[in-house]
Amino acid sequence: MSRSDELFERAVKVIPGGVNSPVRAYGSVGMTPRFIEGATGPYVVDADSKRYIDYISSWGPMILGHNNPEVRNAVIRKAESGLSFGAATESEVEMAEFICENIPSIEMIRMVNSGTEAVMSAIRAARGYTGRNKIVKFAGCYHGHSDALLVKAGSGVMTAGIPDSAGVPAGATQDTLTAVYNNLESVKMLFEENEGQIAAVIVEPVAANMGVVLPKEGFLKGLRELCTKNGTVLIFDEVITGFRLAFGGAQERFGIEADLVTYGKIIGAGMPVGAFGGKREIMEVIAPVGHVYQAGTLSGNPVAMAAGLTQLKILKDHPEIYTNMSHMGDKLYEGMKELVKKYGKPWKVNHICSLGCIYFTDQDVENYEDAKTSDTEEFARYFRYMLEHGVHLGPSQFEAMFLSNAHTEETTKETLDIFEGFLKAE
Ligand SMILES: *Cc1c(COP(=O)(O)O)cnc(C)c1O
């Protein structure tokens, strides 16, 4: 029995499913999870000392590669002054100033401890600001696990096949309206049917929790126009895309400004951090300035701020990181596409910058319904082959692959060779 299997046996007895987040479970690929002992650069090492090329990158935060020495040292230095004070610190001011200076749409920002919290708080701010209750989300977009947003959410929820979640009262989701990704008409209809009642439209500007689905030309611009026209707050959930598609995230990549933006993942560099920010007049509804309550014992934690800010400064000072990752993304994902074609498979590869994914379907994937046509049994075979040969992927069809700046021409070549091995074996 492997050490991972031993750990899993212990884990399932005391942790539901043996994992602290369902996306880590290997149920949908018919295996038990690998337990990770450490990681450096593009590699993770499991409890049996087996090394893998890693495309999870902690689901995004490790954009510089694992165990970046500058980030690690910033954390160690900061920790020497104490871990948390529950009082204001300079690190929080530095982080907020840095974001407000460098992200044009953001005039004020508040730090929280996860992406879930960031989105939940942004929605509350939008409702408080507009005095309206209804929100629009898109099927297949995931915005964390707060009650109101567990409606047709992507990734973990999708794989488990639970469209909604038990334990969420109908009352909590009655004001959540669901539209079709890449379909502006579906949004227009909701606006017409709910005139003057929609507080916010929230969208993943590139959907990365139903695989990877790119916004069609004009989709995000259309959302911007509809929201402006209806006095609705446009929220870009940039928990994945922020500081990844470009330093300025999807807003920079697509040239569109949202009213509120949510961050997570990269902004904490591996520490538990989230944030939401945007227009001053909206952000000033938040307590203690305004009447929208929002709080957090560990929010803006100085050690977490040190990690996140160190990573963000590296990204800001080295724009070539983004060109490099885009170049590597093209090589990897276009390479997969070519191999798929060479072996006569109809499968689709979607990608943008460092994000990508393969769907085992002959249909172009532009929304949740398309994504669901992927053959998840085929995905499971692909996953198991890749893992067996040293490639660590998210254990679900509906997760993206995350390249980091530490991935190299060699890791790309090795990954493509292994993928070709899978295609040959099929
Ligand atoms: C991961 C994710 C979240 C939730 O973030 P947590 O830190 O896991 O709570 C929200 N929105 C998007 C787009 C995400 O990918």
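A few points on the structure. (Residues numbered from 1 in each chain as written. Predicted model: local features only at pLDDT ≥ 70, side-chain atom pairs only at ≥ 80, totals over all residues. Heavy atoms only, no water.)

Near the ligand you find Ser 114, Gly 115, Thr 116, Tyr 142, His 143, Gly 144, Glu 204, Asn 209, Asp 237, Val 239, Ile 240 and Lys 265, and these make up its full shell. Between the ligand and Tyr 142, the relevant distance is 3.3 Å, taken from a nitrogen atom to a main-chain nitrogen or oxygen of the residue. In the model, an oxygen atom of the ligand is placed 2.7 Å from a nitrogen or oxygen of the Lys 265 side chain. For the ligand, the accessible surface in isolation is 380 Å², of which the surrounding protein chains cover 83%. Tallied by class, the residues present in the shell around the ligand amount to 3 nonpolar, 6 polar and 3 charged. (Near = heavy atom within 4 Å. Polar contact = N/O pair within 3.5 Å; in protein donor to acceptor, adjacent residues only side chain to side chain. Areas by Shrake-Rupley, 256 points an atom, 1.4 Å probe, with all protein chains shown as cover. Nonpolar A, V, L, I, M, F, W, Y, C, P; charged D, E, K, R; others polar.)

We now examine the packing of aromatic side chains. Using the criterion set out here, one finds 17 aromatic pairs in the structure. Seen from their ring centres, Phe 98 and Phe 247 are 6.1 Å apart, and the 90° between their planes marks the pair as edge-to-face. Note that Phe 98 is positioned in helix α3 (residues 90-102) and Phe 247 in the loop between β8 (233-237) and α9 (249-254), a separation of 149 residues in sequence. With respect to class, Phe 98 is no different from Phe 247; both count as buried. Ring geometry for Tyr 385 versus Phe 422: centroids 5.9 Å apart, planes at 55°, classification tilted. Of this pair, Tyr 385 sits in helix α14 (residues 376-388) while Phe 422 sits in helix α15 (residues 409-425), placing them 37 residues apart in sequence. (Phe/Tyr/Trp six-rings, centres within 6.5 Å; stacked < 30°, edge-to-face > 60°. Helix = DSSP H or I, 4+ residues; strand = E, 2+ residues; numbered from the N terminus. Buried < 20%, exposed > 50% of the residue type's maximum accessible area, 1.4 Å probe, protein only.)

Once that is clear, we can look at the packing of helix α7 (residues 184-193) against helix α8 (residues 219-230). In the contact formed by α7 and α8, the axes pass within 10 Å of each other and the chain directions differ by 10°. What the angle tells us is that α7 and α8 run roughly parallel. Mapping the contact onto sequence places Leu 184, Val 187, Lys 188 and Phe 191 in α7 and Phe 219, Gly 222, Leu 223, Leu 226, Cys 227 and Asn 230 in α8. Here the residues of the contact of α7 with α8 are counted per class, giving 7 nonpolar, 2 polar and 1 charged. (Axes fitted to C-alpha atoms, helices over the stretch in contact; angles between N-to-C directions. Parallel < 35°, antiparallel > 145°, perpendicular 65-115°, else oblique. Contact = heavy atoms within 4.5 Å.)

Our focus in this paragraph is the nonpolar core. Of all hydrophobic cores here, the largest spans 106 residues; its most connected members are Phe 138, Phe 243, Ile 267, Leu 315, Tyr 382 and Phe 419. For this core, the element with the most residues is helix α12 (residues 320-342), which contributes 9 residues. There are two domains that each give this core at least three residues, and those are domain 1 (3-67 + 320-425) and domain 2 (69-317). Aside from chain neighbours lying at most four places away, what touches Phe 419 is Met 336, Leu 339, Val 340, Ile 358, Tyr 382 and Met 386. Counting 20 residues, the second largest nonpolar core, distinct from the first, contains Val 112, Ile 235, Leu 260 and Ile 282. (Core = buried A, V, L, I, M, F, W, Y, C linked by side-chain atoms within 4.5 Å. Domains from an automatic or database assignment.)

Within this structure, the stated rule accounts for 14 salt bridges. Salt-bridge contacts for Glu 185 lead to Lys 188; the nearest nitrogen and oxygen are separated by 3.3 Å. With Glu 185 and Lys 188 both in helix α7 and 3 residues apart, this pair spans about one turn of that helix. Taking relative accessible area as the criterion, Lys 188 reaches 33% and is therefore assigned partly exposed. Lys 337 serves as the salt-bridge partner of Glu 334, at 3.3 Å between the closest nitrogen and oxygen. Here Glu 334 pairs with Lys 337, and both are found in helix α12, just 3 residues apart, close to one helical turn. Overall, Glu 334 belongs to the partly exposed group, its relative accessible area being 30%. Salt bridges sharing common partners tie together Arg 224, Asp 259 and Lys 279. (Salt bridge = Lys/Arg side-chain N within 4 Å of Asp/Glu carboxyl O.)

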